[in-house]
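# Structural description and commentary
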Amino acid sequence: MEATTAWSTLPGRLVVLSGASGVGKSTVVDRLIARAGGKVRRSISATTRAPREGEIPGVDYFFVSPEEFDAMRGDLLESAEVHGSRYGTPAGPVREALGAGLCVILVIDVQGGFQVREKVPDALLVFIQAPSPDVLEHRLRERGTDDDAAVARRLANARREIEASRGYDVQLVNDDLEACVDALIATLAEHNCAEGIGDD
Ligand code: 5GP
């Protein structure tokens, strides 16, 4: 795919999915992809943070050093510092998939979401809310991947993200997982993204 082709001319649809840590974004997207029959692709981000137990390089993230991240800068669609680590979306694979007419989902933070809107104005920005701040805190602690300081940092960041999410196109609440996936599929259909998802 020519790197000069304007994003808006590509036939696929770009969708940004954001939400506070612990809200269940990854699970929602995994379920969506399982039901989408190849019509939806999730972009794999690069990050300078260390892998968590069970995470697979090249599947969950491309885990890179700060120097490697710097070298990628020119090839990133967006990038941001989140919770003290750097994250970014490699542009090439996103272009390829959009060129093939797929719906591409970026699971990224709100700073990245607004950068994507600048570059790709017809991208759809979806924010997933937790049912309440208490539920979010409970989910983060239950996940057990972060110590108290990290949980506190993630919660402070969550409050900022929720505030910023007012600029998003669509808000969904992840109260019940399947209901949230259904709502996301309905949202995508409404916005002409990967029509017929979930019909197979
Ligand atoms: P985690 O480290 O828990 O996997 O992700 C932390 C935060 O970084 C989440 O809000 C996640 O959505 C965000 N994130 C993951 N990949 C990217 C990316 O490529 N760009 C941006 N801007 N944020 C990302």
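Residues numbered from 1 in each chain as written. Predicted model: local features only at pLDDT ≥ 70, side-chain atom pairs only at ≥ 80, totals over all residues. Heavy atoms only, no water.

Moving on, we come to the sheet that holds strand E1 (residues 13-19). Spatially, E2-E7-E1-E8-E9 is the arrangement adopted by the five strands of the open sheet, whose pairing is parallel. Each having just a single partner strand, strand E2 (40-42) and strand E9 (170-173) make up the two edges of the open sheet. Averaged over all adjacent pairs, the angle separating strand axes in this sheet is 25°, with direction ignored. Two strands pair when backbone bridges link them, and E2 and strand E7 (residues 103-107) are joined in this way by three bridges, in the parallel orientation. If you follow Arg42 over to E7, its bridge partner there is Ile105. (Pairing = 2+ DSSP bridges. Helix = DSSP H or I, 4+ residues; strand = E, 2+ residues; numbered from the N terminus. Axes fitted to C-alpha atoms, helices over the stretch in contact; angles between N-to-C directions.)

Formed by 30 residues in total, the largest nonpolar core has its most connected members in Val15, Leu32, Ile105, Val126, Leu184 and Leu188. The biggest single contributor to this core is helix H7 (residues 177-190), with five residues. Among all residues touching Val126, those that are not within four sequence positions of it are Val15, Val16, Leu17, Ser18, Tyr168, Val170, Leu172 and Leu184. In terms of nonpolar packing, the next biggest core, distinct from the first, is built from 20 residues, Val94, Leu102, Ile108 and Leu125 among them. (Core = buried A, V, L, I, M, F, W, Y, C linked by side-chain atoms within 4.5 Å. Buried < 20%, exposed > 50% of the residue type's maximum accessible area, 1.4 Å probe, protein only. Contact = heavy atoms within 4.5 Å.)

Turning our eyes to something else, we now look at helix H3 (residues 91-99). Residues of H3 that are buried: Ala91, Val94, Arg95, Ala97 and Leu98. Packed against the buried residues of H3 are E1, E2, strand E5 (76-82), strand E6 (85-90) and E7. Count one or two residues on from H3 and you reach Gly101, which has phi positive near 85°.

Taking 1.5 Å of rise per residue, 14 residues should cover 20 Å, and H7 covers 20 Å from first to last C-alpha, within 8% of that figure. Listing the buried residues of H7 in full gives Cys180, Val181, Leu184, Ile185, Thr187 and Leu188. Relative to the axis of H7, the buried residues are bounded by an arc of 160° and lie together on one face. Against the buried residues of H7 lie E1, helix H1 (25-36), E7, strand E8 (124-129) and E9. (Expected span 1.5 Å × (residues − 1). Arc of directions from axis to C-beta.)

Attention now goes to the site of the ligand. Neighbouring the ligand are 17 residues, the closest being Ser45, Arg49, Tyr61, Tyr87 and Asp109. Between Tyr87 and the ligand, the recorded distance is 2.5 Å, taken from a side-chain N or O atom to an oxygen atom. Here an oxygen atom of the ligand sits 3.4 Å away from a polar atom, N or O, in the side chain of Thr89. When the ligand sits alone it has 510 Å² of accessible area, and the protein chains cover 95% of it. For the shell around the ligand, the secondary structure elements donating two or more residues are E5 and E6. Split by residue class, the shell around the ligand holds six nonpolar, five polar and six charged. (Near = heavy atom within 4 Å. Polar contact = N/O pair within 3.5 Å; in protein donor to acceptor, adjacent residues only side chain to side chain. Areas by Shrake-Rupley, 256 points an atom, 1.4 Å probe, with all protein chains shown as cover. Nonpolar A, V, L, I, M, F, W, Y, C, P; charged D, E, K, R; others polar.)

An order of E4-E3-E6-E5 is seen for the four strands of this open sheet, with the pairing classed as mixed. On the outer flanks of this sheet lie strand E4 (62-63) and E5, each paired with one strand and no other. When strand E3 (residues 46-47) meets E4, the two strands line up parallel, connected through two bridges. Opposite Thr47, over in E4, you have Phe63 as the bridge partner.

Most of E8 is tucked away: six of the six residues are buried. A two-sided burial pattern is seen for E8, the buried positions comprising Leu124, Val126 and Ile128 on one face and Leu125, Phe127 and Gln129 on the other. Of the strand pairs in this sheet, E1 and E8 are connected by five bridges, and their pairing is parallel. Looking across to E8, one finds that Gly19 is bridged to Ile128. Inspection of the sheet shows E8 paired to E9 by four bridges, in the parallel sense. Within the sheet, the bridge partner assigned to Val126 lies in E9 and is Val170.

Purely geometric numbers; function is a separate question.
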